[in-house]
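# Residue-level structure breakdown
Here is how the chains run, residue by residue.
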Amino acid sequence: QVQLVESGGGLVQAGGSLRLSCAASGSIFSINPMGWYRQAPGQQRELVADITSGGSTNYADSVKGRFTISRDNAKNTVYLQMNSLKPEDTAVYYCAADASTGILRPRMKYWGQGTQVTVSS
C-alpha cells in the first residue's frame, strides 16, 4: 500500500500565497506522476497540476502562471506553490499519485485525505 499525507492548507486573503506538501510512503516501487486535484462544493474534482519524475509538468489553464508544482524524487514528495490566490481557488485539494508496489504489481492511483484551501475576498 501507498499512503499520501498532505499538509499546508488554510485560510488566506485574495492575492496571498500558500504552499501545499504531500509525502508518499509505504511499499513504493515506482511512483509517477504525482499531482494535485481540487474539488469545490458542488463541483467535480479537477486536475490542478501534475509532474513526472523527470520534471515534466502539466497545469490546468486556470492556474497557469500562478501555481508551481515541484517534486523531490528522493523523498517521494510533491509540492504546490500557490501564488496570487483567488476566491475561486477555494476547494479541498487532494494529492494523487500513480504508483506500483512491485515490479509485477499493477499501477494504481492513490489519493491523500485532502486539505482545505479557503481564499477570502
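Notes on the structure follow. The model shown is predicted, which means the values in this text are computed figures rather than measured ones.

### Some details on the sheet that holds strand β7 (residues 67–72)
Strands pair in a sheet through their backbones, by hydrogen bonds, and they do so in one of two ways: parallel or antiparallel. Read across the sheet, four strands follow the order β1-β3-β8-β7 without closing on themselves; strand pairing throughout is antiparallel. The strands lining the two open edges of the sheet, one partner per strand, are β1 (2–7) and β7. Taken pair by pair, the neighbouring strands of this sheet meet at an average axis angle of 15°, ignoring direction. Relative to strand β8 (residues 77–82), β7 runs antiparallel, the two sharing six bridges. From the neighbouring strand, Asp72 faces β8, where its bridge partner is Thr77.

### Examining the state of the cysteines
Tallying each qualifying case throughout the model produces one disulfide. Covalently, Cys22 is tied to Cys95 through a disulfide, its sulfur atoms 2.0 Å apart. Because the torsion about its S-S bond is -80°, the bridge between Cys22 and Cys95 counts as left-handed. Linking Cys22 in strand β3 (residues 18–26) with Cys95 in strand β9 (residues 91–100), this pair joins segments that are 73 residues apart in sequence. As far as burial versus exposure is concerned, Cys22 and Cys95 are alike and both buried.

What counts and how
- Residues numbered from 1 in each chain as written.
- Predicted model: local features only at pLDDT ≥ 70, side-chain atom pairs only at ≥ 80, totals over all residues.
- Heavy atoms only, no water.
- Pairing = 2+ DSSP bridges.
- Helix = DSSP H or I, 4+ residues; strand = E, 2+ residues; numbered from the N terminus.
- Axes fitted to C-alpha atoms, helices over the stretch in contact; angles between N-to-C directions.
- Disulfide = S-S within 2.5 Å.
- Buried < 20%, exposed > 50% of the residue type's maximum accessible area, 1.4 Å probe, protein only.

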